[in-house]
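Residue strings, one per chain:
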Amino acid sequence: MVRQGDIFMVNFNPSKGHEQLAQRPAIALSNDLVAETSNMTIVAPISSTSRHYPMYHRLQTTTKVYGQILLDQTIALDLHALGVDDDSVVEQISRQELKDIIYQYRLLFDID
């Protein structure tokens, strides 16, 4: 099972508008309990874009996957239905970096 903080390959097709498409790396953001109880995982695509937006997080502790996590493009996916399994996992970020990402992600839902 893909776990929180795992980076894995997934096919985002079909996509519309500004959504990421095709086979690309993504990161599991939701707590493992979500996947265990609902078979759904909240994921964010990872892009090699050089743009600097407040809701992009540049990977810092990875050695195989580089780029930015697009926190404004998260989606809940049934990874099992998409054929994503342990063999799809290519890397895992550090626990501290995961905490930083979750903190940044929560800002999307902050009330002014």
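Residues numbered from 1 in each chain as written. Predicted model: local features only at pLDDT ≥ 70, side-chain atom pairs only at ≥ 80, totals over all residues. Heavy atoms only, no water.

1. Digging into the packing of aromatic side chains
Our working definition: Aromatic pairs are defined between Phe, Tyr and Trp rings, using the six-membered ring for Trp, whenever the two ring centres lie within 6.5 Å; interplanar angles under 30 degrees are classed as stacked, those over 60 as edge-to-face, and all others as tilted. Buried residues are those whose accessible area, probed at 1.4 Å on protein chains only, stays under 20% of the maximum for their type, while exposed residues exceed 50% and partly exposed ones sit between those limits.
Applying the stated criterion across every chain yields a total of two aromatic pairs. Taking 5.5 Å as the distance between ring centres and 85 degrees as the angle between the ring planes, the aromatic pair formed by Tyr105 and Phe109 counts as edge-to-face. Of the residues examined, Phe109 reaches a relative accessible area of 59% and is grouped as exposed.

2. Some words on the pairing of strand E2 (residues 23-28)
The side chains of a regular strand alternate, first on one face of the sheet and then on the other. The cut-off we apply is this: Per the convention used, a helix needs a DSSP run of H or I reaching at least four residues, while a strand needs a run of E reaching at least two, with both numbered from the N terminus. Two strands form a pair only when DSSP identifies at least two bridges running between them.
Summarising burial for E2: five of the six residues are buried, a large majority. By the bridge criterion, five bridges tie strand E1 (residues 6-11) to E2 in an arrangement that is antiparallel. Across the sheet, residue Phe8 finds its bridge partner in E2, namely Ala26.

3. Some words on the nonpolar core
To keep things clear, this is the line we draw: Note on terminology: a nonpolar core comprises buried Ala, Val, Leu, Ile, Met, Phe, Trp, Tyr and Cys residues joined through side-chain atoms within 4.5 Å. The contact rule is simple, with two residues in contact once any of their heavy atoms fall within 4.5 Å.
Counting 14 residues, the largest nonpolar core has Ile27 and Ile69 as the members making the most contacts within it. Residue contributions to this core peak at three residues, all from helix H2 (residues 95-106). Those residues in contact with Ile69, other than ones at most four positions away along the chain, are Ile27, Ala44, Pro45, Ile46, Met55, Tyr56, His57, Leu59 and Ile101. Among the nonpolar cores identified, the runner-up in size contains ten residues, and Val2, Phe8, Val43 and Leu77 belong to it.

4. A look at the environment of Phe109
Within the secondary structure layout, Phe109 lies in the segment after H2. Each C-alpha atom of the pair Phe109 and Ala35 lies 21 Å from the other, and the pair is 74 residues apart in sequence.

5. Details of H2
Just so we agree on the cut-off: An expected span of 1.5 Å times one less than the residue number is assigned to each helix. The arc in question is formed by the directions pointing from the helix axis toward the C-beta atoms.
Taking 1.5 Å per residue as the helical rise, H2 with its twelve residues ought to reach 16 Å, and the 17 Å between its terminal C-alpha atoms agrees with that figure. Taken as a whole, H2 has its buried residues at Glu97, Leu98, Ile101, Gln104 and Tyr105. One face of H2 carries all of its buried residues, which in axial projection span an arc of 125 degrees. Facing away from the buried side of H2, by more than 90 degrees, are the exposed residues Arg95, Tyr103 and Arg106.

6. Digging into the pattern of salt bridges
Where we set the bar: Definition used for salt bridges: Asp or Glu carboxyl oxygen within 4 Å of a side-chain nitrogen of Lys or Arg.
This model, assessed by the stated rule, comprises two salt bridges. Of the charged contacts in the structure, one is a salt bridge between Arg3 and Asp32, with a shortest N-O distance of 3.5 Å. With Arg3 in the segment before E1 and Asp32 in helix H1 (residues 32-38), the pair connects residues that are 29 residues apart, well separated along the chain. On the accessibility criterion, Arg3 (37% relative accessible area) is partly exposed. Note on Asp32: relative accessible area 19%, which makes it buried. Close ionic contact of Arg3 with Glu36 constitutes a salt bridge, the shortest N to O distance being 3.7 Å. On the criterion of sequence distance, the pair formed by Arg3 in the segment before E1 and Glu36 in helix H1 is long-range, its members being 33 residues apart. Here the residues in one salt-bridge network are Arg3, Asp32 and Glu36, joined through shared partners.

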